[in-house]
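These are the residues of each chain, in order.
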Amino acid sequence: MGDFIKILDKKEVKDAQYCKQLMKEMGIKVDTEEVLLSHKGLLDYCPMGHLLCLEVLWLNDNRITKIHGLDTNVQIKALYLHNNRINSLKGSLQHLKHIYTLSLYNNRLQDLEATLPLIQHLTHLEDLDLSGNPLANEVNYRLRVAHTFPTLKVLDKHEITAEERHEARVLYEGIKVSNVAFAKTKPEWKNPPKQKIACLSVMTKDMYREISQFKETLKQEKAADDLAASQELSKTSRVNTAVASAVPLATSVETMATRNLQDVLMDDGLGETTRKAGKEKRHYGDFFEIQAFVRDTKPVVSVEETLVMSRAQSMAASS
């Protein structure tokens, strides 16, 4: 048997040096805006600082364990690192402040409390994917992430709803809740804070003016109604007082006049009767007016009183 020589191919290590050579073969230049290095089996990648125009970087589906070499690539807007072995977000990510999309699903990130502070500086972040990481299974994961990133629109391929925003504020800002309807919490209503008119739109300013005018009109109408009610009450009180004081006086005058007239009618002499009747008329000149007031005021007048007043009127007319 002949000697067999086994030629063992040296296993190629896909490290940073390999990545650099690969990029050269791909024809990636300094002014390249998007670099695609997905599914290359990379254990590491070379620094990208020489790519001055880089905005989108695809490094997904490799075996990368850390994020580095991007400190000067501050213009990056989208970074795809999903399906790797990343266990920490420390490193170059701290220098990237203009990222809109960050994909990190199916990695090895743990401890949400320790991870979020490392990326909370991404104030323009709109799309974040952390699904498939151990930290995504923590309690209130979505609410905590939604509260950390006010600009975030999509988390783990699902849109962040207004209900989630509100629940996050209730949980982490301590907003009071007054009632619950349809299993949704509602904040206790308070008057909106006063704002400077200059900060509001034209339509909003007009609305505030109309509300202010309407409130002022209601206030004036209420004041006018209160004044009218007060005046009516005062008038009624004065009338009641006058009636209460006039009735006893009229009754007393009526009694006295009736008694005197009865004395006149019982006199035998015609001349004396006429003289006394004239005297009584002069003395009780206002009697009949008072009598009319009493008649209107008192609902019942006796037959005797009617007869006496009738005969007294006849004698006064003849005199």
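Quick caveat, the model's predicted, so the values are computed rather than measured.

1. Here's the deal with the overall build of the chain
Per the secondary structure count, the chain includes eight helices and nine strands. Sequence separation of at least 24 residues holds for 43% of the intrachain contacts in the chain that already meet a minimum separation of 6. Carbon and sulfur atoms make up 56% of the accessible area of the chain, which totals about 21,700 Å².

2. What about the sheet that holds strand 4 (residues 101-103)?
Taken in spatial order, the seven strands of this open sheet run 1-2-3-4-5-6-7, and their pairing is mixed. Lying at the two open borders of the sheet, with one neighbouring strand each, are strand 1 (34-36) and strand 7 (158-159).

3. Quick word on the pattern of salt bridges
Enumeration over the complete set of coordinates arrives at five salt bridges. We note a salt bridge from Arg-144 to Glu-113, for which the minimum N-O separation is 2.4 Å. Linking Arg-144 in helix 3 (residues 141-148) with Glu-113 in helix 2 (residues 112-115), this pair joins segments that are 31 residues apart in sequence.

4. Here's the deal with unusual backbone geometry
Although it is not a glycine, Asn-83 sits at a positive phi angle of roughly 60°. Turning to its location among the elements, Asn-83 is positioned in the loop between strand 3 (78-80) and strand 4. Given the relative accessible area of 25%, Asn-83 is considered partly exposed. A positive phi angle, near 65°, is found at Asp-111, a position not held by glycine. On the secondary structure map, Asp-111 appears in the loop between strand 4 and helix 2. With relative accessibility at 40%, the residue Asp-111 sits in the partly exposed group.

5. As for the packing of aromatic side chains
The tally for this structure, following the rule as stated, stands at one aromatic pair. Here the guanidinium or amino end of Lys-157 rests over the ring plane of Tyr-105, the centre of that ring lying 3.9 Å away.

6. Some points on helix 3
Note that an α-helix has 3.6 residues per turn; residues three or four places apart therefore point the same way. Taken together, the buried positions of helix 3 are Tyr-141, Leu-143, Val-145, Ala-146 and Thr-148. Its buried side turned inward, helix 3 meets helix 2, strand 5 (127-129), strand 6 (154-155) and helix 4 (162-173).

7. Some words on the confidence of the model for the chain
Residues with a pLDDT of 70 or more make up 61% of the chain, whose mean pLDDT is 75. Across the chain, the element-wise mean pLDDT spans from 42 in strand 8 (residues 177-181) up to 95 in strand 3. Confidence over residues 1-9 falls short of pLDDT 50; this stretch has zero contacts with residues more than four positions distant or in other chains. Considering only residues more than four positions removed or in separate chains, one finds that residues 297-301, a stretch of pLDDT under 50, has five contacts.

8. Some details on helix 4
Here helix 4 is 12 residues long and its end C-alpha atoms lie 16 Å apart, about the 16 Å a rise of 1.5 Å per residue gives. Of the residues making up helix 4, those classed as buried are Glu-164, His-166 and Ala-168. Backbone geometry just after helix 4 places Gly-174 at a positive phi near 70°.

9. Focus: the packing of helix 3 against helix 4
The N-to-C vectors of helix 3 and helix 4 enclose an angle of 90°; their axes lie 9 Å apart at closest approach. Overall, the two elements helix 3 and helix 4 adopt an arrangement that is roughly perpendicular. When helix 3 is examined against helix 4, the residues Arg-142, Leu-143, Arg-144, Ala-146 and His-147 are found in contact with a partner set consisting of Glu-164, Arg-165, Glu-167, Ala-168, Leu-171, Tyr-172 and Glu-173. Class assignment for the residues of the contact of helix 3 with helix 4 results in five nonpolar, one polar and six charged.

10. Topic: the environment of Leu-89
Along the chain, the position of Leu-89 falls in the loop between strand 3 and strand 4. Setting aside anything within four residues of it in sequence, one finds Leu-89 in contact with Ile-67, Gln-94, Leu-104, Leu-109, Thr-115, Leu-118 and Ile-119.

11. Overview of the state of the cysteines
The full count for this structure, using the stated rule, is zero disulfides. In this structure Cys-46 is a free cysteine whose sulfur lies 3.6 Å from that of Cys-19, the closest cysteine sulfur available.

12. Description of a nonpolar patch on the surface
A cluster of nonpolar residues, Met-207, Tyr-208 and Ile-211, forms a patch on the protein surface that exposes about 250 Å² of accessible area. Following the sequence through the fold, Ile-211 ends up in helix 5 (residues 202-265).

13. Points about the environment of Leu-59
Turning to its location among the elements, Leu-59 is positioned in the loop between strand 2 (56-58) and strand 3. With 15 residues separating them along the chain, Leu-59 and Asp-44 place their C-alpha atoms 9.8 Å apart. Leave out the neighbours within four places in its chain, and Leu-59 touches Leu-37, Tyr-45, Ile-64, Tyr-80, Leu-81 and Asn-84.

14. Details of the side chain of Asn-62
Inspection of the secondary structure puts Asn-62 in the loop between strand 2 and strand 3. Classification of Asn-62 as buried rests on a relative accessible area of 6%. Side-chain polar atoms of Asn-62 contact the backbone nitrogen of Gly-41, separated by 2.9 Å. If we skip the residues at most four places from it in the chain, Asn-62 touches Leu-37, Ser-38, His-39, Lys-40, Gly-41, Leu-42, Asn-83 and Asn-84.

Here is what the cut-offs are and how they apply
- Residues numbered from 1 in each chain as written.
- Predicted model: local features only at pLDDT ≥ 70, side-chain atom pairs only at ≥ 80, totals over all residues.
- Heavy atoms only, no water.
- Helix = DSSP H or I, 4+ residues; strand = E, 2+ residues; numbered from the N terminus.
- Contact = heavy atoms within 4.5 Å.
- Areas by Shrake-Rupley, 256 points an atom, 1.4 Å probe, with all protein chains shown as cover.
- Pairing = 2+ DSSP bridges.
- Salt bridge = Lys/Arg side-chain N within 4 Å of Asp/Glu carboxyl O.
- Buried < 20%, exposed > 50% of the residue type's maximum accessible area, 1.4 Å probe, protein only.
- Phe/Tyr/Trp six-rings, centres within 6.5 Å; stacked < 30°, edge-to-face > 60°.
- Lys NZ or Arg CZ within 6 Å of the ring centre and 35° of its normal.
- pLDDT = per-residue confidence, 0-100.
- Expected span 1.5 Å × (residues − 1).
- Axes fitted to C-alpha atoms, helices over the stretch in contact; angles between N-to-C directions.
- Parallel < 35°, antiparallel > 145°, perpendicular 65-115°, else oblique.
- Nonpolar A, V, L, I, M, F, W, Y, C, P; charged D, E, K, R; others polar.
- Disulfide = S-S within 2.5 Å.
- Patch = residues over 30% accessible without salt bridge, like charges linked within 9 Å, V, L, I, M, F, W, Y side chains within 5 Å.
- Polar contact = N/O pair within 3.5 Å; in protein donor to acceptor, adjacent residues only side chain to side chain.

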